[in-house]
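So you can see what is in the structure, the chains are spelled out below.
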Amino acid sequence: MKTISQVAATLGVSRQTIYNVIKETEGLSIDKLTAKTVGKTRYFNAEAEKTLSKILIDRRYRKATQDNAQRKLEAAEVRIQELTTQIQEKEEQIRKLTAESAEQIEKLRTEADALRENNDILIRTNAANAVTMQQLQKERDQALLTAGTQQKTGRIRKAWRALIGKDDTE
């Protein structure tokens with residue numbers, strides 16, 4: 001049988017740690033672990049020492065796991081902050097590109113509208129030119145017809161027309 005100081009030395013912890021472990025462990029009390037008491041000195045048997053050893057190992061494992069989890073959490077928070085910063089930078093780039101694209105789209109729409117208007121003007125001009133050309137063609141043809149009838153008929157032609165029975169008076 002060992003005293004609490006001897007159990008603490010064997011397990012490599014302080015007496016206060018033993019008391020804290022007993023206090024924190026649900027369903028465990030110093031009285032349950034005590035095999036015998038001589039005055040104010042408590043004695044623990046091997047079973048109590050095994051129980052405390054197991055609880056301490058679980059506590060160390062849990063503490064190590066918590067520390068590890070805390071480190072991972074802190075690393076994850078740093079990574080999240082880095083990624084958040086990257087996302088914000090990318091969003092800003094997207095906003096700039098979107099604004100530039102919108103400007104380019106508006107510029108292209110304006111150019112397209114101007115080209116459509118110029119195309120309409122050219123179509124109307126071509127239509128007007130076609131009508132003018134038709135009119136000029138008709139006037140030329142009319143002028144040629146009129147000019148051909150206004151020529152003076154020569155003597156031979158008059159004689160010939162008289163022979164075939166066509167008079168110039170018709």
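Residues numbered from 1 in each chain as written. Predicted model: local features only at pLDDT ≥ 70, side-chain atom pairs only at ≥ 80, totals over all residues. Heavy atoms only, no water.

**Focus: the sheet that holds strand β2 (residues 34-38)**
- Read across the open sheet, the three strands follow the order β1-β3-β2; overall the sheet is antiparallel. Because the sheet does not close on itself, it has two edges, and the strands there are β1 (2-3) and β2.
- Of the strand pairs in this sheet, β2 and strand β3 (residues 41-44) are connected by four bridges, and their pairing is antiparallel. Each bridged residue has a counterpart across the sheet, and for Thr37 the counterpart in β3 is Arg42. (Pairing = 2+ DSSP bridges. Helix = DSSP H or I, 4+ residues; strand = E, 2+ residues; numbered from the N terminus.)

**Some details on the packing of aromatic side chains**
- One pass over the full model with this rule turns up zero aromatic pairs.
- The cationic tip of Lys36 hangs over the ring face of Tyr43; the distance from NZ or CZ to the ring centre is 5.8 Å. (Phe/Tyr/Trp six-rings, centres within 6.5 Å; stacked < 30°, edge-to-face > 60°. Lys NZ or Arg CZ within 6 Å of the ring centre and 35° of its normal.)

**Thoughts on the pattern of salt bridges**
- All told, the structure shown has eight salt bridges when counted by the stated rule.
- Between Asp31 and Arg42 there is a salt bridge whose closest N-O contact spans 3.0 Å. Of this pair, Asp31 sits in helix α3 (residues 30-33) while Arg42 sits in strand β3, and the two are eleven residues apart along the sequence.
- Assessed through its relative accessible area of 28%, Arg42 is described here as partly exposed.
- In this structure, Arg95 engages Glu92 in a salt bridge whose closest nitrogen and oxygen atoms are separated by 3.3 Å. One end of the pair is Arg95 and the other is Glu92, both in helix α4 (residues 46-149) and three residues apart, which spans about a single turn.
- On the basis of relative accessibility, which here comes to 35%, the residue Glu92 falls in the partly exposed class. (Salt bridge = Lys/Arg side-chain N within 4 Å of Asp/Glu carboxyl O. Buried < 20%, exposed > 50% of the residue type's maximum accessible area, 1.4 Å probe, protein only.)

**A closer look at a nonpolar patch on the surface**
- On the surface, Trp160, Leu163 and Ile164 cluster together to form a nonpolar patch covering roughly 380 Å² of accessible area.
- The residue Trp160 is located in helix α5 (residues 155-164) in this model.
- Overall, Trp160 belongs to the exposed group, its relative accessible area being 53%. (Patch = residues over 30% accessible without salt bridge, like charges linked within 9 Å, V, L, I, M, F, W, Y side chains within 5 Å. Areas by Shrake-Rupley, 256 points an atom, 1.4 Å probe, with all protein chains shown as cover.)

**Focus on the environment of Glu103**
- Residue placement: Glu103 occurs in helix α4.
- Spatially, the C-alpha atom of Glu103 lies 20 Å from that of Arg116, the residues being 13 residues apart in sequence.

**A few points about the packing of helix α1 (residues 4-11) against helix α2 (residues 15-24)**
- Remark: α1 packs on α2, axes separated minimally by 8 Å, with the N-to-C direction vectors making an angle of 95 degrees. Put simply, α1 runs roughly perpendicular to α2. Judged by residue contacts, Ile4, Ser5, Val7, Ala8 and Leu11 of α1 engage Arg15, Ile18 and Tyr19 from α2.
- Its residues placed into classes, the contact of α1 with α2 shows six nonpolar, one polar and one charged. (Axes fitted to C-alpha atoms, helices over the stretch in contact; angles between N-to-C directions. Parallel < 35°, antiparallel > 145°, perpendicular 65-115°, else oblique. Contact = heavy atoms within 4.5 Å. Nonpolar A, V, L, I, M, F, W, Y, C, P; charged D, E, K, R; others polar.)

Purely geometric stuff here, so don't read any function into it on its own.
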